[in-house]
Amino acid sequence: MLRKRAASFWLNAMFYTMLQRISLFVFGVAGYMILVRGFNTTHYGVWALYLTIFALFEAIKQGLIRNSSIKFMGLSENHFRKDAVQTSSLFVNTLFSLIVIGGIFAFGDWISRWLNTPDLQDLLLLSSVNIILLIFFNHCEILLQYQYRFDTLFMSAFLRQAFFLGGLFIMYFFVREQFTLVNVLVMQIVALLIALVY
């Protein structure tokens, strides 16, 4: 009986993880095609640079917080300290995010000038909204992973990607003059907010 439950758990986890990876790939390729067609090479270069900077921030934060939080909450000897682990995780997440936001406001202009991309500064400043929303989104992801709610994780990621791609599609095909770097980032923020609410 226990072996059946374990197999069922792993099949469920693999199924939703595979769905999430496939949807990420499909939405990513479709979004890439729209972005490449919608932006000129300069604007696409700025967007790619922004994504690289933001992905670096996310990778550091995920490595710092996610794995250790899930590991410590999952240990049986920490069961009675689960709330303390969650609070510490949220605190570190918030502190790291606020330090990054402070760095953006302090050095965003310098980074933009150093990289010779003036449009990057607006994206970096606006990304502070994204970073604040990601504090809560990442914390919810950690809790959902700890509770093995892979179906909810998948739906949240799916909605985030679908709304972003839908926004790109609408801007590109129906209101082309609104297809700007800032508006694409606003679409990304709205998609994150929708996924967070879900």
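This text follows the structure it describes.
Now for a look at the structure at hand.

Quick look at the overall build of the protein
Then step 1. Counting secondary structure elements, the protein contains 6 helices and 0 strands.
Then step 2. Helices and strands appear in the protein in the N-to-C order α-α-α-α-α-α.
Then step 3. Across its three principal axes, the protein shows a C-alpha extent of roughly 60 × 35 × 25 Å.
Then step 4. By the burial criterion, 37% of the 198 residues in the protein qualify as buried.

Points about the packing of helix α3 (residues 82–114) against helix α4 (residues 119–146)
Then step 1. At a minimum axis distance of 9 Å, the contact between α3 and α4 shows a crossing angle of 170°. The orientation of α3 relative to α4 falls into the category roughly antiparallel. The interaxial crossing formed by α3 with α4 has right-handed handedness.
Then step 2. Of the residues assigned to the contact of α3 with α4, the class counts are 16 nonpolar, 12 polar and 2 charged.

A closer look at the environment of Gln161
Then step 1. Within the element layout of this structure, Gln161 appears in helix α5 (residues 150–174).
Then step 2. Those residues in contact with Gln161 that lie beyond four places of it in its chain are Ser23, Leu24 and Phe27.

Quick word on the pattern of salt bridges
Oppositely charged side chains are able to pair whenever their charged atoms sit close together.
Then step 1. In the structure shown here, the tally under the stated rule is 2 salt bridges.
Then step 2. Across the salt bridge formed by Glu58 and Lys61, the nearest N and O atoms sit 3.6 Å from each other. Here Glu58 and its partner Lys61 are both found in helix α2 (residues 41–74), 3 residues apart, which amounts to about one turn of the helix. As far as burial versus exposure is concerned, Glu58 and Lys61 are alike and both buried.
Then step 3. Across the salt bridge formed by Arg113 and Asp109, the nearest N and O atoms sit 3.1 Å from each other. One end of the pair, Arg113, and the other, Asp109, are both in helix α3, 4 residues apart, so they sit about a helical turn from each other.

A few points about the packing of aromatic side chains
Then step 1. Using the criterion set out here, one finds 15 aromatic pairs in the structure.
Then step 2. Relative to Phe173, the ring of Phe169 lies with its centre 4.6 Å away and its plane at 50°, an arrangement referred to as tilted. Of this pair, Phe169 and Phe173 both sit in helix α5, separated by 4 residues, roughly a single helical turn.
Then step 3. With relative accessibility at 41%, the residue Phe169 sits in the partly exposed group.
Then step 4. Site record: aromatic cluster; members linked through ring pairs are Phe39, Phe169, Tyr172, Phe173, Phe174 and Phe179.
Then step 5. One Lys or Arg, Arg160, reaches over the ring of Phe137 and ends 5.1 Å from the middle of that ring.

Re a nonpolar patch on the surface
Then step 1. Taken together, Met18, Ile22, Phe25, Val26, Val29, Tyr32, Met33 and Val36 make up a surface patch of nonpolar side chains, about 790 Å² in accessible area.
Then step 2. You can see Val36 is positioned in helix α1 (residues 2–38).

Comments concerning the side chain of Asn93
Then step 1. Structurally, the position occupied by Asn93 is in helix α3.
Then step 2. Setting aside residues no more than four positions away along its own chain, Asn93 makes contact with Lys61, Ile65, Leu134, Ile135, Asn138 and His139.

With respect to unusual backbone geometry
Leave glycine aside and you will find that most residues have negative phi; peptide bonds, for their part, are mostly trans.
Then step 1. One non-glycine residue, Asn116, lies in positive phi territory at about 55°.
Then step 2. Here Asn116 lies in the loop between α3 and α4.

Procedures and definitions
- Residues numbered from 1 in each chain as written.
- Predicted model: local features only at pLDDT ≥ 70, side-chain atom pairs only at ≥ 80, totals over all residues.
- Heavy atoms only, no water.
- Helix = DSSP H or I, 4+ residues; strand = E, 2+ residues; numbered from the N terminus.
- Buried < 20%, exposed > 50% of the residue type's maximum accessible area, 1.4 Å probe, protein only.
- Axes fitted to C-alpha atoms, helices over the stretch in contact; angles between N-to-C directions.
- Parallel < 35°, antiparallel > 145°, perpendicular 65-115°, else oblique.
- Left-handed = near helix turned anticlockwise from the far one by under 90°.
- Nonpolar A, V, L, I, M, F, W, Y, C, P; charged D, E, K, R; others polar.
- Contact = heavy atoms within 4.5 Å.
- Salt bridge = Lys/Arg side-chain N within 4 Å of Asp/Glu carboxyl O.
- Phe/Tyr/Trp six-rings, centres within 6.5 Å; stacked < 30°, edge-to-face > 60°.
- Lys NZ or Arg CZ within 6 Å of the ring centre and 35° of its normal.
- Patch = residues over 30% accessible without salt bridge, like charges linked within 9 Å, V, L, I, M, F, W, Y side chains within 5 Å.
- Areas by Shrake-Rupley, 256 points an atom, 1.4 Å probe, with all protein chains shown as cover.

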